[in-house]
Amino acid sequence: MKRDFAVAVKAIVVRENKVLLLHRSAEEIQHSYMNKKEQWDLPGGGIHYFERSEEGLLREIKEETSLSVKIIKPFKLFDMIKPHVHLCIFTYICAYECGEVILSAEHDNYFWLTLEEVKQWDLPKWLKRDFMQVLSEIEKE
């Protein structure tokens, strides 16, 4: 049995006390190997061999949203383990720098959510928890 190991990077992008939420396109969901059930996403993706995680994250954000961001700090590590693949996902907190969102084919919509909107929206528990933690920390500053 062939087994694979992969590393991905994701970003919680913050702009004026709001976080960026992406909606996955139907085509992206259909062709997904790891997560066919989740409609919501953070910008990011797999890193290339010999690519530093920060470089891959900035590349992925640019490819998926056209935004320029500054990486603030690592936030979380998550392991997604399936029978034939182990995926490590590193999530970073990033600050919006410039640009307007122009989505790639992987996503069909986006939202900038405040803390109150995050609390009200029907989001996956992990995403709601992470957004609330980041936005609560920002409000304290």
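Before reading on, note that the structure itself is shown above.
(A) The arrangement of the side chain of threonine 91 in detail. Checked against the element boundaries, threonine 91 lands in strand S6 (residues 85-98). According to the relative accessible area criterion, threonine 91 is buried, its value standing at 10%. If near-sequence neighbours (up to four positions away) are discounted, threonine 91 is found in contact with Lys10, Ile12, Leu42, Pro74, Phe75 and Lys76.

(B) Summary view of unusual backbone geometry. Positioned with a positive phi, phenylalanine 50 is a non-glycine residue whose angle comes to about 70°. Looking at the secondary structure, you find phenylalanine 50 in the loop between strand S4 (44-46) and helix H2 (53-65). For phenylalanine 50, a relative accessible area of 78% corresponds to the exposed category. If you check the backbone angles, serine 66 has positive phi at about 70° while not being a glycine. Structurally, serine 66 is set in the loop between H2 and strand S5 (68-82).

(C) Region of the structure containing H2. An ideal rise of 1.5 Å per residue puts 18 Å on 13 residues; H2 measures up with 18 Å between its terminal C-alpha atoms. In this structure, the buried residues of H2 make contact with strand S1 (4-15), strand S2 (18-24), S4, S5, S6 and strand S7 (107-113). Looking one or two residues past H2, serine 66 carries a phi angle of roughly 70°, positive in sign.

(D) Main features of the layout of surface pockets. The calculated volume of the second largest pocket comes to roughly 150 Å³. Around the second largest pocket, the lining residues are Val14, Ile72, Lys73, Ile93, Cys94, Ala95, Val134, Glu137, Ile138 and Glu141. Put simply, the parts of the chain that give the lining of the second largest pocket at least two residues each are S5, S6 and helix H4 (125-140). Looking at the lining of the second largest pocket residue by residue, the classes come out as seven nonpolar, no polar and three charged.

What counts and how
Residues numbered from 1 in each chain as written. Predicted model: local features only at pLDDT ≥ 70, side-chain atom pairs only at ≥ 80, totals over all residues. Heavy atoms only, no water. Helix = DSSP H or I, 4+ residues; strand = E, 2+ residues; numbered from the N terminus. Buried < 20%, exposed > 50% of the residue type's maximum accessible area, 1.4 Å probe, protein only. Contact = heavy atoms within 4.5 Å. Expected span 1.5 Å × (residues − 1). 1 Å grid on protein atoms, 1.4 Å probe; cavity = no way out; pocket = protein on both sides within 12 Å on 5 of 7 lines; lining within 4 Å. Points joined across faces, edges and corners; volume = space filled by probe spheres on them. Nonpolar A, V, L, I, M, F, W, Y, C, P; charged D, E, K, R; others polar.

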